[in-house]
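Descriptive structure summary
Residue-level listing of the chains:
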Amino acid sequence: TFNPAFLQKESSESSNRRQQASALLAGLAKKFNNPRLATLAYQVQLDAFTRVKKAIDDMISQLLTEKGDEVKHKDFCTDEFNTNQLQTEKKEREQLDL
């Protein structure tokens, strides 16, 4: 069974560890006046968002692909409908001529 409380616990523990690591790196960067450590601390803090952004970008690209496929399918159906309608009208005219 699905237990959302368990999932949330893992997420918050990871978030806490990430914040602790970021705070430690930021403190060391300030202590040693090292801009590279400050940048690393910032990147550690934002790393969780990188995965979310990638997942969102993947979803958007998948939706755009589906949209393109649906447009192609709709165009195909419209063309086939028009062709069928023309053939039907042509056959009806031939039938009336007989």
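Residues numbered from 1 in each chain as written. Predicted model: local features only at pLDDT ≥ 70, side-chain atom pairs only at ≥ 80, totals over all residues. Heavy atoms only, no water.

**Focus: the overall build of the chain**
For the chain, the helix and strand inventory stands at two helices and zero strands. For the chain, the computed accessible surface area is about 9100 Å², with 58% contributed by carbon and sulfur atoms. (Helix = DSSP H or I, 4+ residues; strand = E, 2+ residues; numbered from the N terminus. Areas by Shrake-Rupley, 256 points an atom, 1.4 Å probe, with all protein chains shown as cover.)

**Here's the deal with the pattern of salt bridges**
Evaluation of the coordinates by the stated rule reveals one salt bridge. For K54, the salt bridge identified is with D58, shortest N-O distance 3.1 Å. Of this pair, K54 and D58 are both found in helix α2 (residues 35-97), four residues apart, which corresponds to roughly one turn of the helix. (Salt bridge = Lys/Arg side-chain N within 4 Å of Asp/Glu carboxyl O.)

**Description of unusual backbone geometry**
Both trends apply: most residues other than glycine have a negative phi, and most peptide bonds are in trans. Even without a glycine there, the phi angle at N33 is positive, about 55°. Judged by relative accessible area, N33 falls into the exposed class, the value being 68%. (Buried < 20%, exposed > 50% of the residue type's maximum accessible area, 1.4 Å probe, protein only.)

**Observations concerning a nonpolar patch on the surface**
Taken together, the side chains of L24, L28 and F32 define a hydrophobic patch exposed on the protein surface, amounting to about 310 Å² of accessible area. Turning to its location among the elements, L24 is positioned in helix α1 (residues 4-32). According to the relative accessible area criterion, L24 is exposed, its value standing at 55%. (Patch = residues over 30% accessible without salt bridge, like charges linked within 9 Å, V, L, I, M, F, W, Y side chains within 5 Å.)

**What about the side chain of S22?**
Position of S22 relative to the elements: it lies in helix α1. What S22 contacts, discounting residues up to four positions off in sequence, is A41, V44 and Q45. (Contact = heavy atoms within 4.5 Å.)

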